[in-house]
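Geometric and topological summary
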Amino acid sequence: MKTDIKHIAAITAAAIWADGEYDEAEKVLVEAISEALELNASEFTQEVEAALAEIEPMDEEQVNSYILEHSVEVEDEEAEILYEAALEVITVDGVVGVEEIENILAIASALGIDEARAVLLFAEVVKEESELELVY
């Protein structure tokens, strides 16, 4: 990827932040994302954990600013790839809540992905994950 690893990690961390916990499934997924994006796994994990430590005390508005700050550094042709990785992050635990949907739409918007396209990509994930629980 052309986008700097710090910005990829920041977007990934913002998706993890949405449900308030960095669980084992997300840790495994971070490694899988690093492999899929051909990034150094240990460096990517360190960057994600550093980004999580940075955003952990933030409120939603601050996290949205953080997402925007890092999204402008993402190469246009890589934006949808990072959005799909963020979708994987929010669905890996099998439960998606309203705050995660708000967060993922903020990520899509910051990455310049049209809201309708973002929703359709999310719907595809929901369709593929038959056991996904949506919490209102």
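Coordinates for the structure precede this section.
These numbers were taken from a predicted model, which means no experiment stands behind them.

**Here we look at a negative patch on the surface**
Together, D4, E43, E54, E69 and E73 line one region of the surface with negative charge. A residue is classified by how much of its surface remains accessible, and E54, at 45% relative accessible area, is partly exposed.

**With respect to the packing of aromatic side chains**
Inspection of every chain in the model, using the stated rule, returns zero aromatic pairs. Taking NZ or CZ as reference, K27 lies 5.3 Å from the ring centre of Y22, over its face.

**Considerations on the pattern of salt bridges**
One pass over the full model with this rule turns up three salt bridges. Linking E77 and K2 is a salt bridge whose minimum nitrogen-to-oxygen distance equals 3.4 Å. Note that E77 is positioned in the loop between α4 (60-71) and α5 (79-91) and K2 in the segment before α1 (5-17), a separation of 75 residues in sequence. We classify E77 as partly exposed; its relative accessible area is 48%. Judged by relative accessible area, which is 63%, K2 ranks as exposed. For R117, the salt bridge goes to E80, with nearest N and O atoms at 2.6 Å. Taken as a pair, R117 in helix α7 (residues 115-128) and E80 in helix α5 lie far apart in primary sequence, 37 residues in all. Classification of R117 as partly exposed rests on a relative accessible area of 36%.

**What to know about the side chain of S34**
One can find S34 in helix α2 (residues 24-36). Ignoring anything within four residues of it in the chain, the contact list for S34 reads L39, N40, A41 and F44.

What counts and how
- Residues numbered from 1 in each chain as written.
- Predicted model: local features only at pLDDT ≥ 70, side-chain atom pairs only at ≥ 80, totals over all residues.
- Heavy atoms only, no water.
- Patch = residues over 30% accessible without salt bridge, like charges linked within 9 Å, V, L, I, M, F, W, Y side chains within 5 Å.
- Areas by Shrake-Rupley, 256 points an atom, 1.4 Å probe, with all protein chains shown as cover.
- Salt bridge = Lys/Arg side-chain N within 4 Å of Asp/Glu carboxyl O.
- Lys, Arg positive; Asp, Glu negative; His and termini not counted.
- Charge placed at Lys NZ, Arg CZ, Asp CG, Glu CD.
- Buried < 20%, exposed > 50% of the residue type's maximum accessible area, 1.4 Å probe, protein only.
- Phe/Tyr/Trp six-rings, centres within 6.5 Å; stacked < 30°, edge-to-face > 60°.
- Lys NZ or Arg CZ within 6 Å of the ring centre and 35° of its normal.
- Helix = DSSP H or I, 4+ residues; strand = E, 2+ residues; numbered from the N terminus.
- Contact = heavy atoms within 4.5 Å.

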